[in-house]
Amino acid sequence: MPETKRTVAVLTALSLEYDAVREHLTDIETLTHPRYGTKAKLGQLPDTPWQVVLVNMGEGTLTAATLTERVLTWLEPEAVLLVGVAGGLKEDIRIGDVVVATKVYSIHGGKETPEGFLVRPEAWHASHRLEQAAKEALGNTADFKTYFKPIAVGDVLLADRKSKLAQHIHQHYNDAAAIEMESSGVANAVQLAGEAGALIIRGISDKADPDKSEADKAGSQPRAAGNAAAAAVAVLRELTPKQTTDPREGPFRGETYGGDHFDFRQSTFNGSFVAKFVGHRPGDEDGR
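Residues numbered from 1 in each chain as written. Predicted model: local features only at pLDDT ≥ 70, side-chain atom pairs only at ≥ 80, totals over all residues. Heavy atoms only, no water.

**Q** Just checking my understanding: could you explain empty space enclosed by the protein for this structure?
**A** Under the counting rule described, the total for this entry stands at 1 cavity of 30 Å³ or more. A volume near 40 Å³ is recorded for the largest cavity. Top element by residues in the lining of the largest cavity is helix H7 (residues 220–238). It accounts for 4 residues. (1 Å grid on protein atoms, 1.4 Å probe; cavity = no way out; pocket = protein on both sides within 12 Å on 5 of 7 lines; lining within 4 Å. Points joined across faces, edges and corners; volume = space filled by probe spheres on them. Helix = DSSP H or I, 4+ residues; strand = E, 2+ residues; numbered from the N terminus.)

**Q** Is there a simple way to think about the pairing of strand E2 (residues 26–32) in this case?
**A** Within a regular strand, the side chains alternate between the two sheet faces. With 5 bridges connecting them, E2 and strand E3 (residues 39–44) associate as antiparallel partners. Of the residues in E3, the one forming a bridge with Leu31 is Ala40. Counting the residues in the hairpin turn of E2 and E3 gives 6 residues, including Gly37, whose phi is positive at 80°. (Pairing = 2+ DSSP bridges.)

**Q** I keep staring at the side chain of Glu180 and nothing clicks. Help me out?
**A** Looking at the secondary structure, you find Glu180 in strand E11 (residues 178–180). Those residues within four positions of Glu180 in sequence are excluded, and the remaining contacts are Val85, Ala86, Ile151, Ala152, Val153, Gly154, Ile200 and Arg202. (Contact = heavy atoms within 4.5 Å.)

**Q** Which parts of the structure should I look at to understand the pattern of salt bridges?
**A** Proximity of charged atoms lets side chains of opposite charge pair with each other. For the structure shown, the criterion picks out 8 salt bridges. With its nearest N and O atoms 3.8 Å apart, the salt bridge here joins Arg202 to Glu17. On the criterion of sequence distance, the pair formed by Arg202 in strand E12 (residues 197–206) and Glu17 in helix H1 (residues 15–22) is long-range, its members being 185 residues apart. Classification of Arg202 as buried rests on a relative accessible area of 0%. A salt bridge links Arg202 to Glu180; the nearest nitrogen and oxygen atoms lie 3.1 Å apart. On the criterion of sequence distance, the pair formed by Arg202 in strand E12 and Glu180 in strand E11 is long-range, its members being 22 residues apart. For the pair shown, Arg202 and Glu180 are each scored as buried. Put simply, Glu17, Glu180, Glu182 and Arg202 are held in one network by salt bridges that share partners. (Salt bridge = Lys/Arg side-chain N within 4 Å of Asp/Glu carboxyl O. Buried < 20%, exposed > 50% of the residue type's maximum accessible area, 1.4 Å probe, protein only.)

This is the structure in structure tokens:
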């Protein structure tokens, strides 16, 4: 009997990101949510224990949060990866390099006062389990380098490094290495669900400056998306499925065990059964 594969969800916001991930999958079939009509592709990731549910969500934090929650309740993945492109915020991170988010910042929270804008930051940390797999899997390749850094998120497309928004990020989220529009929605939905872990993987497609359009025309987005997809696949090849067997279950191995048994712990019975006690019970000096 073939081994049953476990499920992970890979979410994207753009079609080119979706296509970059899909290239790595085989035996693809289409799934349709029975109530809402949301489409997903279910594909196999060869030579791994994983089957991948791939969903092209669309752009923006609200859309990302809604569809992430839908995927979690519908298909119950063991882990969620958001894979795609982002604008770079650090001079030493090149176009085509990959940033794996150690933290996700929501950059718009705060209070406007006569003294200025008082930041009220929110942040979500990467799943430790997924981050550990990523660090093990992603050494620097000949094509791109991988950075483990925070990512800033807001419903805005940043294309001016001298703008008030850019200054706001530099002042209050100075360690952020990239900016994009979906990760906070995904991270918050996964955290509220409380089961799966989330990991954000972004290829740098521009420098979040006025040259963004020129970089896009030069093919930076497909390149960055392809590198992010390759990084995601490497992480999944490293990631081990969670243990599902209760370590308390299984054969009894105590010294007084002398034959076959049934493990009835935490079980419910609606009828009677006959059993034989083997061993010493408190109060029975002769062991009967």
